Amino acid sequence: MSNVSHIVGQLIVGLIIGVIARLLVPGSEPIESGPVGWLITALIGVLGAFVGSIIGRAIWKDENYKAGWVLSVIGAVILLLIYRWLF
């Protein structure tokens, strides 16, 4: 049961990060409205934390680095810009 709550927690934090990234990037959104749009936003936020961790590991040369809020949002903004470029 703890794995399920961990995944749900990651999706909720990812949704918050994704929403912050969507607020920071100006322009129209190619992301659908409704449940699919919320899911895409959450996935962009979760993957943004992953990208932020990679950026942090590259900058600080620490293999165990985990992204905080700032690098997670930066990673999500990068992914959102790539998503807009592709779609």
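Above this text you will find the structure in question.
Residues numbered from 1 in each chain as written. Predicted model: local features only at pLDDT ≥ 70, side-chain atom pairs only at ≥ 80, totals over all residues. Heavy atoms only, no water.

Asker: What is the right way to read the nonpolar core from this model?
Answerer: A general feature of soluble globular proteins is that nonpolar side chains tend to end up buried together. In this structure, Ile17, Ala21, Val25, Ile31, Ile40, Ile44, Val73, Ala76, Val77, Leu80 and Tyr83 together form the largest nonpolar core, which totals eleven residues. The element contributing the most residues to this core is helix H3 (residues 69–86), with five residues. (Core = buried A, V, L, I, M, F, W, Y, C linked by side-chain atoms within 4.5 Å. Buried < 20%, exposed > 50% of the residue type's maximum accessible area, 1.4 Å probe, protein only. Helix = DSSP H or I, 4+ residues; strand = E, 2+ residues; numbered from the N terminus.)

Asker: Whenever I open this one, the environment of valine 77 confuses me. Can you help?
Answerer: By the secondary structure assignment, valine 77 is in helix H3. Excluding anything up to four places from it in sequence, valine 77 contacts Ala21, Leu24 and Val25. (Contact = heavy atoms within 4.5 Å.)

Asker: Would you mind showing me how to read the packing of helix H1 (residues 2–24) against H3 here?
Answerer: Two measures define how a pair of helices packs: the angle their axes make with one another and the distance between the axes. Viewed as axis vectors pointing N to C, H1 and H3 meet at an angle of 60°, and their least axial separation amounts to 9 Å. Between H1 and H3 lies a crossing of right-handed hand. Residues Val13, Ile16, Ile17, Ile20, Ala21, Arg22 and Leu24 of H1 form the contact with H3, whose own contacting residues are Trp69, Ser72, Val73, Ala76, Val77 and Leu80. Residue composition of the contact of H1 with H3, by class: eleven nonpolar, one polar and one charged. (Axes fitted to C-alpha atoms, helices over the stretch in contact; angles between N-to-C directions. Left-handed = near helix turned anticlockwise from the far one by under 90°. Nonpolar A, V, L, I, M, F, W, Y, C, P; charged D, E, K, R; others polar.)

Asker: Teacher, can you tell me more about H3 here?
Answerer: Think of an α-helix as turning once every 3.6 residues; residues three or four places apart then point the same way. Look at H3: 25 Å from first C-alpha to last across 18 residues, which is about the 26 Å you get at 1.5 Å a residue. Every buried residue of H3 is listed here: Leu71, Ser72, Val73, Gly75, Ala76, Val77, Leu80 and Tyr83. (Expected span 1.5 Å × (residues − 1).)

Asker: What is the right way to look at unusual backbone geometry in this model?
Answerer: Generally, phi is negative for residues other than glycine and the peptide bonds are trans, each holding for most cases. The backbone of lysine 61 shows a phi angle near 55°, a positive value even though the residue is not glycine. In this fold, lysine 61 is placed in the loop between helix H2 (35–60) and H3.

Asker: Looking at this structure, how should I read H1?
Answerer: Between the first and last C-alpha of H1 there are 33 Å, a value that for 23 residues agrees with the 33 Å anticipated at 1.5 Å per step. Along H1, the residues that are buried comprise Gly14, Ile17, Gly18 and Ala21. Looking at the buried positions of H1, the neighbouring elements they touch are H2 and H3.

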